[in-house]
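Here are the chains, one letter per residue:
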Amino acid sequence: MTALPQTAHVEETLKQEGGIFDSAADGTLICDVSTIHPDGAKQFYADAKEQNLCYLDTPMSGGVTGAHNGTLTFMVGGTEAEFEASKGVLQGMGANFFHCGEPGTGSIAKITNNLILGISMVATSEGMAIGEKLGIDPVVLQKILAVSTARNWCIDTYNPRPGILPNVPSSKNYEGGFAVGLVKKDMVLALEAASSVSAQTDMLEKSLQYYIDLEKKGCGKKDFGYVFQYIMKNKNL
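Everything numeric here is computed off the predicted structure, so don't read it as measured data. (Residues numbered from 1 in each chain as written. Predicted model: local features only at pLDDT ≥ 70, side-chain atom pairs only at ≥ 80, totals over all residues. Heavy atoms only, no water.)

1. A look at the overall build of the protein
A count of helices and strands for the protein gives eleven helices and five strands. At 19 Å, the protein has a C-alpha radius of gyration in line with the 18 Å of a compact globule built from 237 residues. Carbon and sulfur atoms make up 53% of the accessible area of the protein, which totals about 11,400 Å². (Helix = DSSP H or I, 4+ residues; strand = E, 2+ residues; numbered from the N terminus. Rg over C-alpha atoms; globule rule 2.2 N^0.38 Å. Areas by Shrake-Rupley, 256 points an atom, 1.4 Å probe, with all protein chains shown as cover.)

Written as structure tokens, this is what we have:
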């Protein structure tokens, strides 16, 4: 299992002297749960085959709650047989498993998930902040949104407003969650991949700027729900 921040870190771990390619026994299955560029995952799959190893992109989603509860979702790129083999390890951590297709497609699923997540957190934070400033009790507002058409994971499971949900990072000083720097990294990956196929990215670019600004302000290690504070305080952190 590998879980690393960036594509370059995965490459180093695989290929450095004394790394996985040098050390692993023939036939070893490498499940990489990192969020990396799909092209990198494709290349690592091919490189591993030359070493009589099997590298699979098996990124995960579900956040810290899913990790603690063993209910993560895994997205796997590779053959059907390789997907089935990966579940021998992944089932100890997850509840949902998807064979996405050829190598790299697990990473495609993950970066599209995280670009939507990053945008959703900005939208949730903006709505919660506006509602509170206009005068509605944020606890009441969250309960309404959680059962209405605006409902999403950032509202009902991982709300960014402190004091709404007890066991999420926003209620723990935004510590121990999905860092601003990491969601920014994933959204940049999505932007690069989208650019390669000439896809439109207006909402992605606008939302990404919030996380870029937060990182520049020294908040890169805070949970990404900290964007609520940025919006609530009119960017005057």
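2. Examining the nonpolar core
Of all hydrophobic cores here, the largest spans 35 residues; its most connected members are M121, M187, Y211, L214, F224 and V227. Residue assignment for this core shows that the elements contributing at least two residues are α6 (105–134), α7 (138–145), α8 (153–156), α9 (180–196), α10 (202–216) and α11 (227–232). Tallying contributions element by element places α6 first for this core, with seven residues. If sequence neighbours within four positions are ignored, L214 has contacts with V180, C219, G220, Y226, V227, Y230 and L237. In this structure, L14, F44, Y55 and L72 belong to the second largest nonpolar core, which totals 20 residues. (Core = buried A, V, L, I, M, F, W, Y, C linked by side-chain atoms within 4.5 Å. Buried < 20%, exposed > 50% of the residue type's maximum accessible area, 1.4 Å probe, protein only. Contact = heavy atoms within 4.5 Å.)

3. What about α6?
Between its terminal C-alpha atoms α6 stretches 43 Å, which fits the 44 Å expected from 30 residues at 1.5 Å a residue. One or two steps after α6, the chain reaches G135, where phi turns positive at roughly 120 degrees. (Expected span 1.5 Å × (residues − 1).)

4. So, the pattern of salt bridges
Tallied over the entire structure, the rule returns nine salt bridges. In this structure, the salt-bridge partner of K49 is E82, at a minimum N-O distance of 2.7 Å. Within this pair, whereas K49 is found in helix α3 (residues 38–50), its partner E82 is found in helix α5 (residues 80–90), the two being separated by 33 residues in sequence. On the basis of relative accessible area, K49 is assigned to the partly exposed category, the value being 38%. K185 is paired through a salt bridge with D186; the nearest N and O atoms lie 2.7 Å apart. D186 gets classed as buried once you look at its relative accessible area, which sits at 2%. If you follow the salt bridges from partner to partner, you end up with E11, K15 and D47 in one network. (Salt bridge = Lys/Arg side-chain N within 4 Å of Asp/Glu carboxyl O.)

5. Some points on unusual backbone geometry
Backbone geometry at N52 places phi at a positive 60 degrees, although glycine is not the residue there. Mapped onto the secondary structure, N52 falls in the loop between α3 and β2 (54–57). Despite not being glycine, N173 has its phi angle at roughly 60 degrees, a positive value. Tracing the backbone through its elements, the reader meets N173 in the loop between α8 and α9.

6. Things to note about the pairing of strand β5 (residues 94–101)
As paired strands, strand β4 (residues 72–77) and β5 are joined by six bridges and run parallel to one another. The residue bridging V76 from the neighbouring strand is H99, located in β5. Note on the crossover from β4 through α5 to β5: the handedness is right-handed. (Pairing = 2+ DSSP bridges. Right-handed = clockwise from strand over helix to strand, strands pointing away.)

7. Structural notes on the side chain of T201
Here T201 lies in the loop between α9 and α10. Setting aside its immediate chain neighbours within four residues, T201 contacts L191 and A194.

8. Some remarks on the packing of helix α1 (residues 7–15) against α3
Where α1 contacts α3, the axes come no closer than 11 Å and their chain directions differ by 10 degrees. Regarding the angle of α1 to α3, the classification is roughly parallel. Touching T7, V10, E11, L14 and K15 of α1 are G40, F44 and D47, all from α3. The class makeup of the residues in the contact of α1 with α3 is three nonpolar, two polar and three charged. (Axes fitted to C-alpha atoms, helices over the stretch in contact; angles between N-to-C directions. Parallel < 35°, antiparallel > 145°, perpendicular 65-115°, else oblique. Nonpolar A, V, L, I, M, F, W, Y, C, P; charged D, E, K, R; others polar.)

Shape is all these values report; function is a separate question.
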